[in-house]
Amino acid sequence: MNNRNESLDPGRENLLVGHQAAGRRIRLDGARKQAVETGRNRLLVVGTIFSLAFLVIGLRLIDLALIGPGAEPLLAASSSAKPATSGRADIVDRNGIVLATSLPTMSLYADPAAVLDAEEAAAKLTSVLSRLDRKWIVAKLTSPGRFVWLARNLTPEQTFQVNRLGIPGLAFQRGERRVYPQGREAAHVIGMTDVDGRGIAGVEKQFDQALRVNGKPVQLSIDLRVQAMLRRELSWAVKEYSALGAAGAILDVTTGEITALVSLPDFDPNSPATAVGGAGFNRASKGVYEMGSTFKLFTMAAALDSGTVDLAGGYDATNPIRVARFTINDYHGKGRWLSVPEILVYSSNIGAAKMAMDMGAKVQREYLGKFNLLSPLSLELPEVGQPLIPRRWRDVNTMTVAFGHGIAVSPLQLAAGVSTVVNGGIARPVTLLKHRPADDATAGTRVLSAETSRQMRGLMRMVVSRGTGKNADVPGYRVGGKTGTAEKLVGGRYRSRSLISSFVGAFPMDAPRYVLLAVLDEPKGTAKTNNYATGGWVAAPVVGRMVRQMGPLLGMAPARPTQDVTPIPDQPLVVAIKAALADVRGQGLAAR
Amino acid sequence: MSTFARTDTSLLSRWWWTIDRWTLAALISIALIGAVLILAASPPVAERIGLDPYYFARRQLTLLPIALALMLGTSLLSIRGVWRSAVVCFIAAVALMVATLVAGEEIKGATRWLQVGGFSLQASEFVKPSLAVIAAGFFAGRHTEMGKPGFAIATGMLLVVAALLLLQPDVGMTLVVASVWGVQFFLAGLPLVLVGLVLVIILASGVGAYFIFPHVQVRIDRFLDPAGGDNYQVARGLEAFRNGGLFGRGVGEGRVKEVLPDAHADFIFAVAGEEFGLLVCLAVVLLFAFVVVRGLVRAFGEDNLFVMLTVSGLVVQFGLQAIINMASTLHLMPPKGMTLPFISYGGSSMLALAYGMGVMLALTRERPGKGVLA
């Protein structure tokens, strides 16, 4: 092989062959020598740079592997910048009191194979965790497996103490536990979570996503103090009257906020097993009931507002109404013509039915719709009941709905409707979330004229001051309301012994702030109630006691008697109403 | 090891007595370490994307003997043979790059791979060594009859290749190609003024890339402000080196490979650091440094300008890739997807490097007349 040629630019060697090129070749060779010399000098530069680069990499490796993280504070911060496992957010009441929170807990387990001395370990452990049995620990620590639980959900202090014992083979599993510090107080509102920390009922379920993601507490409209009072009073009533259960609601009529919501029997969300059976059922929002005479408030408000009657009007209630197979009667019939106020105060079914017929089914349905009684309540709870309304709205339905039969709504729905009646005629959406002050003014749609609402407040005050609701009266707080007693439909028949007894009230009647509802399921009369189990005897006292406690608590001063609202100045009652009237019940509906 | 008698003048015998056996041994050591590391690093990655655990390892280990054979085969070539092979390789690679732009599949926002049979071919890998050879030819040609046009042609080729690379886009590869070209340009004895100009142009293109390509910008911003963005792979990679310490956590005890998407490719060095420790990593760095420095020393002793430039270019490319990969993993520079030569997973990269190193070995063989200025 021709070395000379090969040392030249390959592929170009042919150019250089030939004697005529010889002179240039010598010149080029000289230039090439110089170029190679330059190249060598510059190679030193390249070689130095590369050697330095490899040296830096080597030093960096030593720095990382041997000197450790201290040299890299910025990076250490960035690599551990992820927040620690963020727990589920709290649920708090309107004053910020914690209703539900998540606590980090430690659970102790052991690897028996790594425990050196089971006897000694057990002795040490029982000195710290006294609830554990020494023999039981020894048995666990000498079992053949590689994993045994020793104790669940230890407090930080217990964890510290166990760690300080320094027993080999023991370790902790980090966990999180949902805790409800208020126990049963607002169980049905809060709901609960399953073992995986997912909401399965109540607010926990409704706001599951927000609680898990946002990390911001959910603040409810519930006032824990009022909630606890209502629960206590209803519990007392359930016990006193041997009722199956109870439901109660307190609404702020100016905002639609739910201040308290109780359903009995209830459960302890800290031990989910207590929620099985009926205890987990929310009677206040999910249960629907024929509410009885409290519905007459809606009939009368609609009739007054639509101009069907005025307070001077009245109806002849001498004879029972016979429609289709039914007979509509008054419980304590007066057997004469009754004025409009008398129809409410005496709770006359005949009068209410005639009034509704006069108004017409169309107007009646229109108003009930505006009171939000015909469709499920829009509420921040998964447990919302579907009202039962007549499929075909015939005359008999118009008449029975007028006094609260043949239609079933949830207790909360009824309370929401009544707050529209008394608050000046504005329907506001009810809510379980605390309102920000800015929200209040705009919300709501007008259902009744302010004048109709004023007249209704007068009538409701009269029911309490002179009628069936006397047991709810509290001096100075101007309570108004309406009693209701409905027979339960059991197996297709109305039973006169199985009642839903209720009272819906509001106070103070000159400028109402709160609506209160108490419903008892199948109360039994006692000697003190003359064996009556009607709303006026068993439910009205609950509302009275609530007002007596709530008023001062919420900073509402009692008024002097002269400031009491004058019911209907132009229309004094035609008939003096006796101090205590038995509640009037719908009767004879189920059978001829 | 004297399998061949010195009097034997057969092709293989001459190869055996003239080849740089130290460099050959270093390259084979790197490849063997790579084989061990791919077995350590790739199964979790393969499992994570639903492949057979040994999918990557099997492919890489199948290709490794082929790559070594290619390297040894290339090292048998004469200078003329090297030139011819480079011309063929360059033309084919450029044609394939054009085809890639037309028919390539887009992966992670870049069109770099061409499906050929069962293989994804990254044509640009083959451009790197062949361009280094050809550019060296034209730079050296300045001192032959070809004269000045040699520079113009070399510059034109770089611009064509850079344009094709930027269309993919592949900024990192462009920088490597341009840097190798620049080093050759520098060594070819150009006036320092021009060298300065080229440096300015390379710097300017780097800055330009920052503003033109969003992904380049993100990577650099994150490098400059580690607390700002999540630099997940880098942060875990650094943790791996710390966990490894001096002797490593032990074979199979590494955890970083379970979380890093690129544990078998760009971040394989971190896996090495965690499982085998500082000493093995330093050994790897030393092996790379040895190949580079020895290559440059051999180039220094060369009196053929073409050989000097080619060997330097190939060694610089090899060293640059190793440095960029290790420096990225060690957070000494913005993360740049670059394979660790002969160690990272990647068939095209390994074959192209084998070819390049084969050329380097071929040109550094002892030749009669070497050391004597012609």
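Structural data are supplied above this passage.
One structure accompanies this document, and this report is about it. On a predicted model such as this, the values are computed, not experimentally measured, just so you know.

Let us now look at the overall build of chain B. Per the secondary structure count, chain B includes 14 helices and three strands. Sorting the 374 residues of chain B into buried and exposed places 57% on the buried side. For chain B, the share of sequence-separated contacts (at least 6 apart) that also reach a separation of at least 24 residues comes to 72%. Total accessible area computed for chain B in this model is approximately 14,800 Å², and 70% of it derives from carbon and sulfur atoms.

All names here are of chain B. Two elements in contact, helix α2 (residues 21–48) and helix α11 (residues 268–275), have axes separated by 10 Å at closest approach and are oriented at 95°. It follows that α2 is roughly perpendicular to α11 by the angle criterion. Where α2 approaches α11, its residues L37, I38, A40 and A41 are matched on the opposing element by I268, V271, A272 and E275. Grouping the constituent residues of the contact of α2 with α11 by class yields seven nonpolar, no polar and one charged.

For N325 of chain B, the location among the structural elements is in helix α13 (residues 305–329). With near-sequence residues (within four places) excluded, N325 of chain B lies in contact with A265, D266, F269, M338, T339, L340 and S344 of chain B.

What follows concerns the packing of aromatic side chains. Considering all chains together, one arrives at 23 aromatic pairs over all chains under this definition. Judged by centre distance (6.3 Å) and plane angle (70°), the ring pair of W83 of chain B and F138 of chain B falls under edge-to-face. Placement of the pair is W83 of chain B in helix α4 (residues 79–103) and F138 of chain B in helix α5 (residues 123–140), with a sequence separation of 55 residues. Given the relative accessible area of 10%, W83 of chain B is considered buried. Three or more aromatic residues link up through ring pairs in this structure, and these residues are F139, F151, W181 and F185 of chain B. We note K370 of chain A situated over the ring of Y367 of chain A; from NZ or CZ to the ring centre the distance is 4.8 Å.

All names here are of chain A. Spatially, β9-β8-β18-β17-β16 is the arrangement adopted by the five strands of the open sheet, whose pairing is antiparallel. Of all strands in the sheet, those bounded by a partner on one side alone are β9 (258–264) and β16 (480–490). Strand-to-strand twist of the sheet, defined as the mean angle between neighbouring strand axes without regard to direction, takes the value 10°. The pairing of β16 with strand β17 (residues 493–507) spans eleven bridges and is antiparallel. Its bridge partner lying in β17, K488 is registered against R495. Docked against the sheet, helix α17 (residues 411–422) engages β8 (245–252), β9, β17 and β18 (514–521), running at close to 150° with respect to β18. Sitting on the sheet, helix α18 (residues 450–466) touches β16 and β17, and the angle it makes with β16 is about 80°.

A word on the nonpolar core. Within the largest apolar cluster, 130 residues are counted, with the highest numbers of intra-cluster contacts made by F269, F288, F318 and F342 of chain B. Among the elements that take part in this core, α13 of chain B stands out by supplying 15 residues, more than any other. Beyond its immediate stretch of four places on either side in the chain, F288 of chain B contacts F54 of chain A together with I30, F318, A322, M326, L340, P341 and I343 of chain B. With 98 residues, the next largest nonpolar core counts I91, V218, A284 and L414 of chain A among its residues.

The next thing to look at is the pattern of salt bridges. Residues and elements named next belong to chain A. As enumerated under the stated definition, the model contains 30 salt bridges over all chains in all. A salt bridge links D521 to R283, with the shortest nitrogen-to-oxygen separation between them at 2.7 Å. Linking D521 in strand β18 with R283 in the loop between β9 and α12 (296–305), this pair joins segments that are 238 residues apart in sequence. Both residues of the pair, D521 and R283, count as buried.

Moving on, we come to the pairing of strand β2 (residues 98–110) of chain A. Taken residue by residue, a regular strand's side chains alternate between the two faces of the sheet. Residue and element names in this part refer to chain A. Sheet analysis places strand β1 (residues 91–92) next to β2, joined by two bridges and oriented antiparallel. Each bridged residue has a counterpart across the sheet, and for V92 the counterpart in β2 is V98. The pairing of β2 with strand β3 (residues 148–154) spans four bridges and is antiparallel. Across the sheet, residue L108 finds its bridge partner in β3, namely A151.

Procedures and definitions
- Residues numbered from 1 in each chain as written.
- Chains lettered and ligands numbered in written order.
- Predicted model: local features only at pLDDT ≥ 70, side-chain atom pairs only at ≥ 80, totals over all residues.
- Heavy atoms only, no water.
- Helix = DSSP H or I, 4+ residues; strand = E, 2+ residues; numbered from the N terminus.
- Buried < 20%, exposed > 50% of the residue type's maximum accessible area, 1.4 Å probe, protein only.
- Contact = heavy atoms within 4.5 Å.
- Areas by Shrake-Rupley, 256 points an atom, 1.4 Å probe, with all protein chains shown as cover.
- Axes fitted to C-alpha atoms, helices over the stretch in contact; angles between N-to-C directions.
- Parallel < 35°, antiparallel > 145°, perpendicular 65-115°, else oblique.
- Nonpolar A, V, L, I, M, F, W, Y, C, P; charged D, E, K, R; others polar.
- Phe/Tyr/Trp six-rings, centres within 6.5 Å; stacked < 30°, edge-to-face > 60°.
- Lys NZ or Arg CZ within 6 Å of the ring centre and 35° of its normal.
- Pairing = 2+ DSSP bridges.
- Core = buried A, V, L, I, M, F, W, Y, C linked by side-chain atoms within 4.5 Å.
- Salt bridge = Lys/Arg side-chain N within 4 Å of Asp/Glu carboxyl O.

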